[in-house]
Amino acid sequence: MTVKTAVRKVTRLGNPVLRNGTRPLSPDEIAEPSVQRLIDEMFATMDEYCGVGVAAPQVDQPLALFVMGLPAGTERHPEGIELTAVFNPKVHFLDTELESDWEGCLSVPGLRGQVPRHRKLELSGLDREGVAFTRIYEGFPARVVQHETDHLMGKVYLDRMSGLATLAFTDELARR
Ligand code: NI
């Protein structure tokens, strides 16, 4: 019998879980079936809502975990992003110059804004087996990493905008 992986309801801005921060998990906790299931449900949720990343607070869990991934061949980033689950992430920036580009968020539906981010960074954390890893990201995937690690610190992209002048409804942007 196959059980369909549940899609989780996404928390929206105003829910305190998005602002209260998260706690790290030990490798033993990561191995627990409930946490392994949570990872699968976060991937399923990301897929359902066509997101590029989902952080645990967005599915109502105050845990230091995010997932990301993007199929190859999209207009946004043709190379795609490998499906990745990261616990207890630490980011070390490898550049000083910031680059602005559009971001949106499943927890802030319908809106987009220009957000300055670092172009290149080193991400370290634990994978879904609880094993430590370090990987370098550049460009759009580095932007996704910054967006998702912000969620784990109780921040959303609006906090990172240099002003609100570019904040726009996605359907209005599409019309232009
Ligand atoms: Ni988000």
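Here, every reference points to the structure presented above.
This is a predicted model, so every value here is computed, not measured.

(A) Representation of the overall build of the chain within the structure. Each helix and strand counted, the chain has five helices and eight strands in total. Counted from the first residue to the last, the chain has its helices and strands arranged as α-α-β-β-β-β-β-β-β-α-α-β-α. For 176 residues, the compact-globule estimate of 2.2 N^0.38 gives 16 Å, and the chain sits close to it at 16 Å. With respect to the three principal axes, the spread of C-alpha positions in the chain is 50 × 35 × 35 Å. Burial analysis of the chain (176 residues in total) assigns 44% to the buried set.

(B) Expanded view of helix H2 (residues 33-48). Given a rise of 1.5 Å per residue, 16 residues ought to cover 22 Å, and the 22 Å separating the end C-alpha atoms of H2 matches this to within 8%. Packing partners of the buried residues in H2 comprise helix H1 (27-30), strand E1 (53-55), strand E2 (65-70) and strand E3 (81-93). Taken from the residues just after H2, Cys 50 is the one with a positive phi, measuring 55°.

(C) Expanded view of the environment of Gly 154. Mapping Gly 154 onto the fold places it in the loop between helix H3 (140-152) and helix H4 (157-160). Overall, the relative accessible area of 7% leaves Gly 154 in the buried class. A sequence separation of 22 residues divides Gly 154 from Ala 132, and the C-alpha atoms of the two residues are 24 Å apart.

(D) Spotlight on unusual backbone geometry. Residues other than glycine seldom take positive phi values, yet Cys 50 does so here, at roughly 55°. Positive phi, close to 50°, is recorded for Asn 88, a residue that is not glycine. Counting through the fold element by element, Asn 88 comes out in strand E3. On the accessibility criterion, Asn 88 (17% relative accessible area) is buried.

(E) Molecular detail of the side chain of Thr 45. Following the sequence through the fold, Thr 45 ends up in helix H2. With relative accessibility at 0%, the residue Thr 45 sits in the buried group. Look past the residues within four positions of Thr 45 in its chain and what remains in contact with it is Ala 6, Val 7, Arg 8, Val 10 and Val 59.

(F) How the structure looks around H3. With 13 residues, H3 extends 19 Å between its outermost C-alpha atoms, agreeing within 8% with the 18 Å of an ideal straight helix rising 1.5 Å per residue. Among the 13 residues in H3, 13 count as buried, and that is most of the element. After H3 finishes, the residue Gly 154 shows a positive phi value of roughly 80°.

About the criteria used
- Residues numbered from 1 in each chain as written.
- Predicted model: local features only at pLDDT ≥ 70, side-chain atom pairs only at ≥ 80, totals over all residues.
- Heavy atoms only, no water.
- Helix = DSSP H or I, 4+ residues; strand = E, 2+ residues; numbered from the N terminus.
- Rg over C-alpha atoms; globule rule 2.2 N^0.38 Å.
- Buried < 20%, exposed > 50% of the residue type's maximum accessible area, 1.4 Å probe, protein only.
- Expected span 1.5 Å × (residues − 1).
- Contact = heavy atoms within 4.5 Å.

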